[in-house]
Amino acid sequence: MPKKQDLLRGDRIRVVQLRQDPQGDPVPEDVIGLEGTIEWVTPGFSGEKAVFEIKLADGRIVNLYAPEIEPVD
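Residues numbered from 1 in each chain as written. Predicted model: local features only at pLDDT ≥ 70, side-chain atom pairs only at ≥ 80, totals over all residues. Heavy atoms only, no water.

Quick word on the overall build of the protein
Now for step 1: Helix and strand counts for the protein stand at zero helices and five strands.
Now for step 2: Across the protein, helices and strands are ordered from the amino to the carboxyl terminus as β-β-β-β-β.
Now for step 3: Counting across all 73 residues of the protein, residues that qualify as buried make up 25%.
Now for step 4: Within the protein, counting contacts between residues at least 6 apart in sequence, those at least 24 apart form 49% of the total.
Now for step 5: Split by element, the accessible area of the protein, about 4800 Å² in all, is 53% carbon and sulfur. (Helix = DSSP H or I, 4+ residues; strand = E, 2+ residues; numbered from the N terminus. Buried < 20%, exposed > 50% of the residue type's maximum accessible area, 1.4 Å probe, protein only. Contact = heavy atoms within 4.5 Å. Areas by Shrake-Rupley, 256 points an atom, 1.4 Å probe, with all protein chains shown as cover.)

Describing the pattern of salt bridges
Now for step 1: One pass over the structure, following the stated rule, counts five salt bridges.
Now for step 2: Its salt-bridge partner being Asp30, residue Arg60 comes within 3.0 Å of it at the nearest N-O pair. One end of the pair, Arg60, is in the loop between β3 (49-56) and β4 (61-65); the other, Asp30, is in the loop between β1 (12-15) and β2 (35-43), and 30 residues separate them in sequence.
Now for step 3: Given the relative accessible area of 27%, Arg60 is considered partly exposed.
Now for step 4: Through salt bridges with shared partners, a single network forms among Arg12, Arg14, Glu35 and Glu70. (Salt bridge = Lys/Arg side-chain N within 4 Å of Asp/Glu carboxyl O.)

Digging into the nonpolar core
Now for step 1: Core analysis: the biggest nonpolar cluster contains 14 residues, and Ile13, Val15, Phe52, Ile54 and Leu64 have the highest contact counts within it.
Now for step 2: Of all the secondary structure elements, the ones that give two or more residues to this core are β1, β3 and β4.
Now for step 3: Looking at which element gives the most residues to this core, the answer is β3, with three residues. (Core = buried A, V, L, I, M, F, W, Y, C linked by side-chain atoms within 4.5 Å.)

Some points on the side chain of Glu68
Now for step 1: You can see Glu68 is positioned in the loop between β4 and β5 (69-71).
Now for step 2: For the buried Glu68, no salt bridge is present, and the opposite-charge side chain at shortest range is Arg19, 5.0 Å distant.
Now for step 3: Polar contacts involving the side chain of Glu68 include one to the main-chain amide nitrogen of Tyr65, which spans 2.5 Å. (Lys, Arg positive; Asp, Glu negative; His and termini not counted. Polar contact = N/O pair within 3.5 Å; in protein donor to acceptor, adjacent residues only side chain to side chain.)

Laid out in structure tokens, this is it:
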């Protein structure tokens with residue numbers, strides 16, 4: 001299983017928690033436990049992978065931080 005820092009576009013993930021960003025769009029609580037595919041990765045200030053755009057299995061697209069997701073085999 002890949003580590004979070006190795007995740008790339010096309011990798012599968014599961015949403016494990018939400019940390020609502022007061023500056024971003026709210027993410028519905030019902031996404032916890034859903035799986036999806038990484039569509040885009042936005043690097044942070046020091047080059048780490050900061051925000052992941054995820055296309056969920058139900059078709060919704062959400063932006064999540066690394067602590068909110070885990071890799072799926």
